[in-house]
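# Examining the three-dimensional arrangement
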Amino acid sequence: MSKLTVSFYVLSESKAQDFLGFICQLTQTALNKSTQSLVILADNELLLSELDEALWANDAASFIPHQRLSAADSETTASTAVNSTAPVLLASQLPPDFSGIVINTTPRPLTDYIPSTSNALPSRLLEIILPDDDSVAQGRHKYKHYQQLDYELTHFKV
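Attention here is on the structure that accompanies the text. (Residues numbered from 1 in each chain as written. Predicted model: local features only at pLDDT ≥ 70, side-chain atom pairs only at ≥ 80, totals over all residues. Heavy atoms only, no water.)

For helix α2 (residues 19-33), built from 15 residues, the straight-helix expectation of 21 Å at 1.5 Å per residue is met to within 8% by its first-to-last C-alpha distance of 21 Å. Taken residue by residue, α2 has F19, G21, F22, I23, C24, L26, T27, Q28, A30 and L31 as its buried positions. (Helix = DSSP H or I, 4+ residues; strand = E, 2+ residues; numbered from the N terminus. Expected span 1.5 Å × (residues − 1). Buried < 20%, exposed > 50% of the residue type's maximum accessible area, 1.4 Å probe, protein only.)

Written out as structure tokens, the structure is:
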């Protein structure tokens, strides 16, 4: 099994002001470079709703097909995720058998969102760090956590 590659995207003030736009852009880029499905992980229902809307309205020429998995779907999430034809899933937990790309917008490491009973094995993780003190501190914590798990780490200032 290959090591999980984790890319940290440290946003500038201007990118952070268009947070949803940046996520849409990152999602589109990831889909263009890969045939894998993608989960955008958010621990906040408001953010999930905003992302849902932003992905619909991103750009008339590049609509991003997606499906939102609610927390209440957790029992059916496994079959929903596997049977979903949408390349992008919006979720507050990682689907049990997911093996694609994850964009983590939460303050906690991805491993906190994978239940011990899960067979989820993401192929790549994209972490987004906002330019505020809390987000930077959370990013450092995640970086150290992934370092201890011996993940392959890269970071980009955008």
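Moving on, there is more to tell.
Another aspect to go through is a negative patch on the surface. On the surface, E13, D132, D133 and D134 cluster together into a negatively charged patch. Examined against the element boundaries, D134 turns out to sit in helix α5 (residues 133-148). According to the relative accessible area criterion, D134 is exposed, its value standing at 57%. (Patch = residues over 30% accessible without salt bridge, like charges linked within 9 Å, V, L, I, M, F, W, Y side chains within 5 Å. Areas by Shrake-Rupley, 256 points an atom, 1.4 Å probe, with all protein chains shown as cover. Salt bridge = Lys/Arg side-chain N within 4 Å of Asp/Glu carboxyl O. Lys, Arg positive; Asp, Glu negative; His and termini not counted. Charge placed at Lys NZ, Arg CZ, Asp CG, Glu CD.)

The phi dihedral of D150 is positive, around 65°, even though this residue is not glycine. The exposure class assigned to D150 is partly exposed, which follows from its relative accessible area of 47%.

Now for the pairing of strand β5 (residues 101-104). Every second residue of β5 is oriented toward a common face, with I101 and I103 on one face and V102 and N104 on the other, all of them buried. Bridge count for strand β2 (residues 38-41) against β5 is four bridges, and the pairing is parallel. Counted as the bridge partner of V39 is V102 from β5. Note: β5 against strand β6 (residues 124-129), four bridges, orientation parallel. Its bridge partner being in β6, N104 is matched across the sheet by E127. (Pairing = 2+ DSSP bridges.)

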